[in-house]
Each structure stands twice: as C-alpha cells, then as structure tokens.
Amino acid sequence: MREDKREGIVEESKVFKPGAEFKARALVREEKVYEEAARDRIGFWGQAAERLDWFKPWDKVLEWDPPFAQWYVGGKLNASYNCLDRHLTSWRRNKAAIIFEGEYGDSRVLTYQDLYREVNQFANVLKSLGVNKGDRVTIYLPMIPEAAIAMLACARIGAPHSVVFGGFSAEALRDRLIDAKAKVLITSDGSFRRGSVVPLKENADSALAGSDSVEHVVVVQRTGTEVNMKEGRDLWYHEQMQKAALECQAEEMDAEDMLFILYTSGTTGKPKGVVHTTGGYMVGVSTTHEWIFDLKEEDVYWCTADVGWITGHSYIVYGPLANGATVLMYEGTPDYPAKDRFWEIIEKYRVTILYTAPTAIRTFMKWGPSYPESHDLSSLRLLGSVGEPINPEAWMWYYKHIGQERCPIVDTWWQTETGMIMMTPLPALTALKPGSCTVPFPGVKVEVVDHDGRPVAKGSDGYLVVREPWPAMLRTVYGDQNRYVNTYWSNWPGIYFTGDGARWDEDGYFWVLGRVDDVINVSGHRIGTAEVESALVDHPSVAEAACIGKSHEVKGQAVAAFVTLKEGVDVGNGLMDELKAHVAKKIGALARPDDIFFTPELPKTRSGKIMRRLLRDIAEGRALGDTTTLADASVVQALRDK
Ligand code: WTA
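Residues numbered from 1 in each chain as written. Predicted model: local features only at pLDDT ≥ 70, side-chain atom pairs only at ≥ 80, totals over all residues. Heavy atoms only, no water.

Visitor: Break down the overall build of the protein chain for me, citing the residues and quoting the values.
Guide: Scanning the protein chain for helices and strands turns up 21 helices and 32 strands. Relative to the globule expectation of 26 Å for 642 residues, the C-alpha radius of gyration of the protein chain, 24 Å, shows essentially globular dimensions. Projected onto its principal axes, the C-alpha coordinates of the protein chain cover approximately 75 × 65 × 55 Å. By sequence separation, contacts in the protein chain at least 24 residues apart represent 70% of the contacts at least 6 residues apart. (Helix = DSSP H or I, 4+ residues; strand = E, 2+ residues; numbered from the N terminus. Rg over C-alpha atoms; globule rule 2.2 N^0.38 Å. Contact = heavy atoms within 4.5 Å.)

Visitor: Let's hear about the sheet that holds strand S22 (residues 409-411): which residues, and what values?
Guide: Here we have 7 strands laid out as an open sheet, ordered S7-S6-S19-S18-S20-S21-S22, and mixed in their pairing. In this open sheet, the two strands that pair with only one neighbour each are strand S7 (107-111) and S22. Averaged over all neighbouring strand pairs, the angle between strand axes comes to 20°, with direction disregarded. Bridging between strand S20 (residues 353-356) and strand S21 (residues 382-385) involves 4 bridges; their strand directions are parallel. (Pairing = 2+ DSSP bridges. Axes fitted to C-alpha atoms, helices over the stretch in contact; angles between N-to-C directions.)

Visitor: Any details on the packing of aromatic side chains? Residues and values, ideally.
Guide: If you walk through the whole model with that rule in mind, you get 45 aromatic pairs. Relative to tryptophan 489, the ring of tryptophan 64 lies with its centre 5.7 Å away and its plane at 55°, an arrangement referred to as tilted. Taken as a pair, tryptophan 64 in strand S3 (residues 60-65) and tryptophan 489 in helix H17 (residues 481-489) lie far apart in primary sequence, 425 residues in all. The buried category is assigned to tryptophan 489, whose relative accessible area is 5%. Aromatic ring contacts, followed pair by pair, group Trp64, Phe68, Trp470, Tyr484, Tyr488, Trp489 and Tyr496 into a single cluster. (Phe/Tyr/Trp six-rings, centres within 6.5 Å; stacked < 30°, edge-to-face > 60°. Buried < 20%, exposed > 50% of the residue type's maximum accessible area, 1.4 Å probe, protein only.)

Visitor: Describe the environment of arginine 622, with residues and values.
Guide: Along the polypeptide, arginine 622 turns up in the loop between helix H20 (612-620) and helix H21 (633-640). Beyond its immediate sequence surroundings of up to four residues, arginine 622 is in contact with Arg616, Asp617 and Arg640.

Visitor: Could you give me a rundown of the site of the ligand, with the residues and numbers involved?
Guide: The full set close to the ligand counts 17 residues, and Asp411, Thr412, Thr416, Asp500 and Arg526 are the nearest of them. With respect to the ligand, the backbone of glycine 387 contributes an N or O atom lying 3.1 Å from a nitrogen atom. Proline 389 has a polar backbone atom sitting 3.3 Å from a nitrogen atom of the ligand. Relative to its unbound accessible surface of 530 Å², the ligand loses 96% to contact with the protein. Grouping the constituent residues of the shell around the ligand by class yields 6 nonpolar, 6 polar and 5 charged. (Near = heavy atom within 4 Å. Polar contact = N/O pair within 3.5 Å; in protein donor to acceptor, adjacent residues only side chain to side chain. Areas by Shrake-Rupley, 256 points an atom, 1.4 Å probe, with all protein chains shown as cover. Nonpolar A, V, L, I, M, F, W, Y, C, P; charged D, E, K, R; others polar.)

Visitor: Run through the packing of helix H18 (residues 529-537) against helix H19 (residues 575-586), naming residues and quoting values.
Guide: Their axes nearest at 9 Å, the elements H18 and H19 cross at an angle of 120°. Relative to H19, H18 is oriented oblique. Note that H18 runs across H19; the crossing there is right-handed. Between H18 and H19, the residues in contact are Val532, Ala535 and Leu536 and Leu579, His582, Val583 and Lys586, respectively. Its residues placed into classes, the contact of H18 with H19 shows 5 nonpolar, 1 polar and 1 charged. (Parallel < 35°, antiparallel > 145°, perpendicular 65-115°, else oblique. Left-handed = near helix turned anticlockwise from the far one by under 90°.)

Visitor: Got a sec to walk through the domain arrangement of the protein chain? Specific residues and values, please.
Guide: Interfaces are frequently sized by the accessible area removed from exposure as the parts join. By domain assignment, the protein chain separates into domain 1 (9-101 + 113-124 + 134-502) and domain 2 (517-640). The C-alpha centroid of domain 2 is placed 32 Å from the C-alpha centroid of domain 1. Buried area between domain 1 and domain 2, summed over both chains or domains, comes out near 1800 Å², and the portion from carbon and sulfur atoms is 47%. Three residues stand out in domain 1 for area buried against domain 2, namely Glu171, Ser265 and Thr267, and they jointly supply 27% of the buried area on that side. (Domains from an automatic or database assignment. Buried area = accessible area lost by both parts, 1.4 Å probe.)

Visitor: Quick rundown of the packing of helix H7 (residues 145-157) against helix H12 (residues 310-322)? Include the residues and the values.
Guide: It is the contact of H7 with H12, at a shortest axis distance of 11 Å, that shows an interaxial angle of 60°. The angle between H7 and H12 places the two elements in the oblique class. Where H7 crosses over H12, the two elements pack in a sense that is right-handed. Residues Ala148, Met151, Leu152 and Ala155 of H7 form the contact with H12, whose participating residues are His313, Val317, Tyr318 and Leu321. Residues of the contact of H7 with H12, tallied by class, amount to 7 nonpolar, 1 polar and no charged.

Visitor: Please set out the side chain of arginine 156 residue by residue, giving values where relevant.
Guide: Among the structural elements, arginine 156 can be located in helix H7. A relative accessible area of 1% places arginine 156 in the buried class. Engagement of the side chain of arginine 156 in a polar contact is seen with the side chain of serine 80, the distance being 2.8 Å. For arginine 156, the side chain forms a polar contact with the main-chain oxygen of cysteine 248, separated by 2.7 Å.

Visitor: Tell me about the sheet that holds strand S14 (residues 234-236), and name the residues and values.
Guide: Read from one edge of the open sheet, 8 strands run S14-S13-S10-S8-S9-S16-S17-S25, paired in mixed fashion. Edge positions in the sheet fall to S14 and strand S25 (476-477), since each has one partner strand and no second. With 5 bridges connecting them, strand S10 (residues 184-188) and strand S13 (residues 216-220) associate as parallel partners. Opposite serine 188, over in S13, you have valine 220 as the bridge partner.

Visitor: So what about the confidence of the model for the protein chain? Which residues, and what values?
Guide: Taken over all residues, the pLDDT of the protein chain has a mean of 95, while the share at 70 or more is 99%. Predicted confidence is poor over residues 1-6, with pLDDT under 50, and the contacts of this stretch with residues over four places away or in other chains come to 5 contacts. (pLDDT = per-residue confidence, 0-100.)

Visitor: I'd like to hear about the pattern of salt bridges, residue by residue, with values.
Guide: On inspection of all chains with the given rule, the structure shows 51 salt bridges. Across the pair lysine 183 and aspartate 135 runs a salt bridge, and its minimum N-O distance is 3.1 Å. Here lysine 183 is found in the loop between helix H8 (170-180) and S10, whereas its partner aspartate 135 is found in the loop between helix H6 (112-128) and strand S8 (137-140), with 48 residues between them in sequence. Each member of the pair, lysine 183 as well as aspartate 135, carries the same accessibility label: buried. Across the pair arginine 475 and glutamate 256 runs a salt bridge, and its minimum N-O distance is 2.9 Å. (Salt bridge = Lys/Arg side-chain N within 4 Å of Asp/Glu carboxyl O.)

Put into structure tokens, the structure is as follows:
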C-alpha cells in the first residue's frame, strides 16, 4: 500500500507534489508549457484549435475589439460533429460514450455509434418541427442521456439551446422561455428524486401558460407518470424518434455562431442569458478537459454536476465527448437509496476520475468515512473540485478518504461566463496547496487587482480579474449588450471583472475568497440576492426584503432574509414557512431561505441603501462594523436584540 500511495502524490510540509509515477504517465508533464503559452498566447490557442475538426480553417486566431472578441475568425465547424462523427472513423466507434446509471440502478450504455444515431435522429425530429438554424430550443430535463442527446441535436442543426436546470420552478422556466423566445421545449413526464417523482411536465405546462413563442413540446417518457398532452402542441419523444431518419448532416457553423445560452444569476432580479459561441468554446473546453483531467482512453470519467449548469455543459457534454472520453452520467442523489451511492457507483464502473463539488464533500464528511470505506475505490486516480472555494479541511478529507492519499486533486476555478476552467493545477506539474485553486491554465491571464485596477503585490487581497480574452469567454448577454458591457467590463476598461475577491500569495498562488457582489453561492449554485428579494416582495404580506449569504457548514452559504411585513400583517403561525415556500415556488428549492428574520425596519444609509454588511454581521452574530452611516441606529439595535 505504501508504495501505491507514493505513486500519485507526495506530501511535503503541507504542500502536495505530483508523484514520480503519475508524472511519468501524464499527458502534460513539461513545465515549459506555461512559459511558451505566456510568451505567445495567440500561438498557443492557435495550436490548441488544431485538435478539432474544422470544415474550413480559421483566417485569424483572435480579433479583439474590447470588450468584444472573435476567436478563430472565418473558421467553420460543428460542435456535434466534433463530439460524434469524428470518433466513428476509428475504434472509438464502439467505445462507451455515455454510461448512464439511473436512480433505481437501471443502467444504459451508449457507444459513440449509438449516441451518433440518437443525436442524428433527434436532430431530424427537431427539423420536422420547424426548428431552423438560429432558432432557440429550451431543454428542461432530468439527468438522463436524452439531455445530452437533445443538446447535441440542437448543436447539429445550429439551433442554440438553453438548458434550464430541472430543479427550477415553473416560474423560473417561464422567464427563461420568454427571454430566449424558444420555439421548442424538450421536457419529460417527470424526474426521479429520492424515490418520488418531480412533475416536470406539469411545471412545463404552467410555464407555457405565460409564454407564446413555444410551438411544440417534446416529452421524454422517464417516470411513466400520467401527463396532459396538448393536442397539436405536445409530442412524445419515443414516437417521434421511431419515425425519424438515421442521418442528419451537421450544419456548417461559423466559429462565432451561437452554440448555447445559459442563464445565470447576477446582481439584479433578472437572470442573465450568458451566450457562448462555437469555435472558441469547443477549443477551450476540450483542451482544458484533456489536460487538467490527464485524460486517457481507458478512463471512466464522472462529473457529478447537473447538465443544467455550466459544469454539465462543458465537462459532461462538450469537453469530454469532443475528447472521445467515456462519461458516466448519474441521475440521482448521493443518498438514495443509501449514503454510499457514489462509492457503489465508483466500484461498479471502476471510475478513474471523479469531479465533484465542495458541498458534496462536506456532506460526505458529515456522514462519516464508513460509507466510502465499505467500497473498493482503488480505481480512482484523479479527483476534481468545482463550484466554490474548498475549505482545507474538506480538501484533506477528500484526499484521505476518497483519494486514499494516492490521487492528486484539481481544484478548478471558473464561471458560467468563462465557459472553461481558468485556474487549476495541471496534475503532473503543479504542487497543490489545500484550499487554493493554484495557478492560471496556460494561455490564461488572471490577476488580483486593487480599486484602480492595478495588480496587487504578492501576499495581498483584491479583486479577481481576467486580463486578456480567452477562447471560451462569453460573447454577450442574450438580447442585452449593455448588460454585458456594464456587468463585466465597466470597472476597468478592457479588463474582465469576475465578481470574486481573491488573494495572491507569496508563491503566486491564487486563493478565491468568494463573491464581492450581491451573489450568494449556495452549494456551488449562484443565487442573486435581488432574485430572492423580488420573490419575497411578490408575496402579498411583504413590504420589503433584504437577503444575504450566511455561512453554512455544508452548503458553504445559505440564504438568510430580513423581511418587513406590510402594515397590519401579523407574523402569526406559519408565515415564515409560507414565505420560504413562496421563494421555492418562484425560483426553485435551492433558493429557499434557511432563516427569515422579521423586522419593522431594515438598516439603511441616509440615502436609502440597505446596509447588507450590517445584516451579515447580525446574521453571523459578529460584532457590528462601522454604523456611522446608518440613518436610524435603533433599527440595528432592535434586530440584535432578537
Ligand atoms: C465560485 C461554476 C473558488 C466563484 C463553474 C465563481 C469557485 C462562481 C470555484 C461561478 C473554485 C467556482 N474555487 N470559487 N474552484 N469554482 N467558484 O457560474 O465564486 O455557477 O465566481 O460556475 O463560483 O459559479 P458558476
């Protein structure tokens, strides 16, 4: 065992260095990649693009007119072609592309040939429903292969998809359908969740009541639940597939044609439709996926995210499939039917790479090591983390109990907007410090800056920015160019602001400290305080609300709300639960506040701005910071006395 431990990684005074064995077999093991890429970033990304199959090569790698970038100008390609067709000419044709594990333990394996067939057929179904290049298609599905099939089918015919997480409510779905003006919605009769059924089709029906762009709804049969099928509008997936032809030519897309829209939370109540295009995104996600996860043909790669988030888009679907990887896809939760489900799956399929989130790791810690210990995890060789800063304690637990002191951990920092991983170790090159996402990926220029946009000295904190354009960067906010410019590029001209605060340590390592804007990170999911506030004031009893993120042992942060009720409304019995349920109904269960504090007034500055900093201090039970700008100091005292 001892020798085995040495293989992957070596510990030296709190720093974990790549072991000789891992290094010897690694894909990227030459330190010089960093310098070479830094010396000629454009050349680096130009070379990286050669990994894809292009119908027509690009004329120019980058056209940069800040803050508007065009990558691989003039190049033509298709994302679905790169994920499927090109693997059919080699032995990979018969390799497992997706290994699906259902919540009930039902299993299904799709080879690249199988996936190709299903995607082609479904692309033909979409065409038969009048979906043309440029039309938007919304996907509201559980974690089943049809989600990936639907995405790739859209990509095949050049119809940008907008995937809406299956845990979002009908109202959240409606907002996203309306904003994207979707022509077709793809959903399922239901979704399994801890043994019960979430009525996705029912949610879809109520969402559709408020949007008029959707002409057809395609319904995948997953749970067998009885659903309403509206004559002329709703169609069963399996019935349409039976009739569909087996081949559908992949549309020739421009490198800058839109691949998808993905909505994410920002600092206003309205979610932003982050737009990603084809060429740069595919180069970015496939390169990072291969290098960071040290991908080998024989790997069984499991990313536990949902396809409804960017992690699912980039590192379940587009990156891994472009690389011809075998991707494990799991439908359910880690505790169903028992708390060892993840470890059972790893043992069953001999998973080699596990990519998960700190909130999941902290949950496993709470449950204790007996669950992973009851399974054989010796197939694992690399672990990943994403979604929020991983606290060193969780890192050590992951390292010890899951990686068995054998596996490097890649802590990957990135965002919906960045499309691809931006900061991360390269497992054979980078010494790991628990809690730090280490250094930027080659060809990526990240900095920590002060108020004036000047880089801070080593050992200091500041704002995390990206200094140079990168291939998978967002191109705009759907239908709102101003919001793109104002949100990301207005603090310092030509510099992308991430919304995160960070520390740059003495060794030049980055430590992300969390959001500095009004975004809360609950279990790795972004929720805007403004979104929750507008859901609360939508309730007839609420006059005013302010939300903040409060630290939480497992979720990282939880939503805490301060609520002022309308004149004459009594807190009475059950109002608190009613308000929590109201938020869940408006947005989804993930936004449900953990705590609601009722207060006759909110602490405000004399100009009327809510002082969230003070609310944070109150919620955390900390000493109050500066209160001199408060309009009415007694408000805070009253809140503290509660
Ligand atoms: C946070 C998820 C620290 C960060 C891919 C970022 C992280 C936001 C990490 C983006 C990490 C993500 N370490 N913080 N490894 N990964 N974050 O758009 O605050 O859902 O800005 O993308 O999550 O969340 P998003």
